[in-house]
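Remarks on the overall topology
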Amino acid sequence: MDKIIVEGGNTRLQGEVVIEGAKNAVLPLLAATILPKEGQTRLRNVPILSDVYTMNNVVRGLDIDVDFDEAKNEVLVDASGNILDVAPYEYVSQMRASIVVLGPILARNGHAQVSMPGGCTIGSRPIDLHLKGLEAMGATITQTGGDITAVADRLKGTKIYMDFPSVGATQNLMMAATLADGVTVIENAAREPEIVDLALLLNKMGADIKGAGTETLTITGVESLHGAEHDVVQDRIEAGTFMVAAAMTNGDVLIKDAIWEHNRPLLAKLIEMGVEVIEEDGGIRIKANTASLKPVTVKTLPYPGFPTDMQAQFTALMAVVKGESTMVETVFENRFQHLEEMRRMGLHTEILRDTAMVHGGQKLQGAPVMSTDLRASAALILAGMVAEGTTTVGKLTHLDRGYYQFHEKLAKLGANIKRVSEA
Ligand code: EPZ
């Protein structure tokens, strides 16, 4: 197991950083490649992340050709001919996001078997909205031995109101509806940029989807889909992570090709704190002097609210801003574990159910810390950059799921950081 060692103190990040394709876009896009019964699908700007390899293996397990050309950041998929309809447990159990292959396999084959995803450290992660929606479209769902089996000769278009704008459930149901008989309307749908990216690919494949990015999706079923080409949208969470890293280190960093529209709530909060945010060269430049930043209150919400995937990183910024900041996590029930670790670095914080009070401005002290999930890993590394002394972050399997060359990019910007193999 590797660990990251950060020498903190007076890190000041400067320069420019390139952002990869979005993890949370490419995973459903790979699931969508199951749908076409003829032609090949080429995805470009694919990030080299462990989750991508896992999803590639899930799709390969359906007897579908998947070729990942890392040198070109491209994946070529050929799902023509007959495909299998049982997603392999060994891969699905590794990554709960694999559940979004359920809708495509069912729509394509009329039968699908996918293992029930487990929970994770940030929450129980139920899939009731996925299953309720598929049942509303006429599927018969059974759960036996940890597997979900879904059967439907042909799904039927219907109107679905989602109790919660679940990203994964919206993706599963949108993909399933592309081949249904009739029109499916999904109300209270998720509006994330990754939903829009998925609808873009599906429409290139011959689907008929309207309203992506709004709370109402209208999908008119078609007989079949064909291969297509698509560039994966930029990762707004990686971009946001580097924006926060620049702000908390008195930095001056250009995040290349950052998309303002995809990070409006984060940018609004940074500006409210007193961070300088400049649109420049098609990207966003972040400059800050932490001594002049003001504490803020943040509440995570489904898009277009403040993203829960930026919550941990933003609390690391709150830690360096003098005064009382408040973070309210409304999306997941257990996503403050990074704050428990930051307490080991001297952070003063109180956590009461969904609310964390961060008493910022005290100098953090370097310490060995454990990461519990992907975004917590990034947050602890950022905290290590501003702490006095040495911080070591273990369990990097979480980090590698969602960040490509994270420590190299930070080192290029001026951080004193390295990755070593743990004995
Ligand atoms: C996606 O997860 C992302 N993952 C998550 O990113 C992200 O945090 C989340 O959306 C919210 O934006 C991928 O895209 C691969 P949800 P997903 O369904 O689809 C409840 C990261 O760090 N819910 O929108 O699983 C659920 O319990 C990861 O990159 C139900 O109750 O998220 C949670 O409280 C972490 N029933 C809330 O909705 C359901 O059937 C949000 O879940 C489904 C969800």
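Bear in mind that the values here come from a model prediction, so they are computed numbers and not experimental data.

**Looking at the overall build of the protein**
What the protein contains, in helices and strands, is 14 helices and 23 strands. Relative to the 2.2 N^0.38 estimate, which gives 22 Å for 423 residues, the radius of gyration of the protein is 22 Å and therefore close to what a compact globule would have. Looking at the protein as a whole, 58% of its 423 residues qualify as buried. The averaged location of the 53 negative side-chain charges in the protein is 4 Å from the averaged location of its 39 positive side-chain charges.

**A look at the packing of helix H10 (residues 311-320) against helix H12 (residues 374-386)**
Helices that pack against each other are described as a pair by the angle of their axes relative to one another and the distance between those axes. Relative to each other, H10 and H12 sit at 20 degrees, their axes nearing to 7 Å. Between H10 and H12, the angle falls in the class roughly parallel. The chirality of how H10 crosses H12 is right-handed. Where H10 approaches H12, its residues Ala312, Gln313, Ala316 and Val320 are matched on the opposing element by Arg375, Ala376, Ala378, Ala379, Leu382, Ala383 and Val386.

**As for the sheet that holds strand S19 (residues 348-352)**
The mixed open sheet is built from 4 strands, whose spatial order is S17-S18-S20-S19. Lying at the two open borders of the sheet, with one neighbouring strand each, are strand S17 (297-300) and S19. Adjacent strand axes in the sheet meet at a mean angle of 15 degrees when their direction is disregarded. In the sheet, S19 pairs with strand S20 (residues 355-360) via 5 bridges, with the strands oriented antiparallel. Looking at the pairing, Leu352 lines up with Thr355 of S20. Against the sheet, H10 touches S17, strand S18 (323-329) and S20, its axis set at about 170 degrees to S18.

**A closer look at helix H1 (residues 23-32)**
A turn of α-helix holds 3.6 residues, and therefore any two residues three or four places apart point the same way. Counting buried residues along H1, 9 of its 10 residues qualify, which places the element largely inside the surrounding structure. Buried residues of H1: Lys23, Ala25, Val26, Leu27, Pro28, Leu29, Leu30, Ala31 and Ala32, and no others.

**Description of the sheet that holds strand S5 (residues 74-78)**
Within the open sheet, the 4 strands sit side by side as S4-S5-S3-S13. Their pairing is mixed. The open sheet terminates on both sides in strands that have one partner only, identified here as strand S4 (65-69) and strand S13 (229-231). The sheet shows a mean angle of 15 degrees between the axes of neighbouring strands, taken without regard to direction. Sheet contacts for helix H2 (residues 50-60): S4 and S5; angle to S4, the most-contacted strand, approximately 160 degrees.

**A word on the side chain of Gln171**
Relative to the elements of secondary structure, Gln171 occurs in helix H6 (residues 167-177). Here Gln171 falls in the buried class, since its relative accessible area comes to 4%. Beyond its immediate chain neighbours, meaning those up to four positions away, Gln171 contacts Asn24, Pro28, Val100, Glu194, Ile195 and Leu198.

Cut-offs used in this document
- Residues numbered from 1 in each chain as written.
- Predicted model: local features only at pLDDT ≥ 70, side-chain atom pairs only at ≥ 80, totals over all residues.
- Heavy atoms only, no water.
- Helix = DSSP H or I, 4+ residues; strand = E, 2+ residues; numbered from the N terminus.
- Rg over C-alpha atoms; globule rule 2.2 N^0.38 Å.
- Buried < 20%, exposed > 50% of the residue type's maximum accessible area, 1.4 Å probe, protein only.
- Lys, Arg positive; Asp, Glu negative; His and termini not counted.
- Charge placed at Lys NZ, Arg CZ, Asp CG, Glu CD.
- Axes fitted to C-alpha atoms, helices over the stretch in contact; angles between N-to-C directions.
- Parallel < 35°, antiparallel > 145°, perpendicular 65-115°, else oblique.
- Left-handed = near helix turned anticlockwise from the far one by under 90°.
- Contact = heavy atoms within 4.5 Å.
- Pairing = 2+ DSSP bridges.

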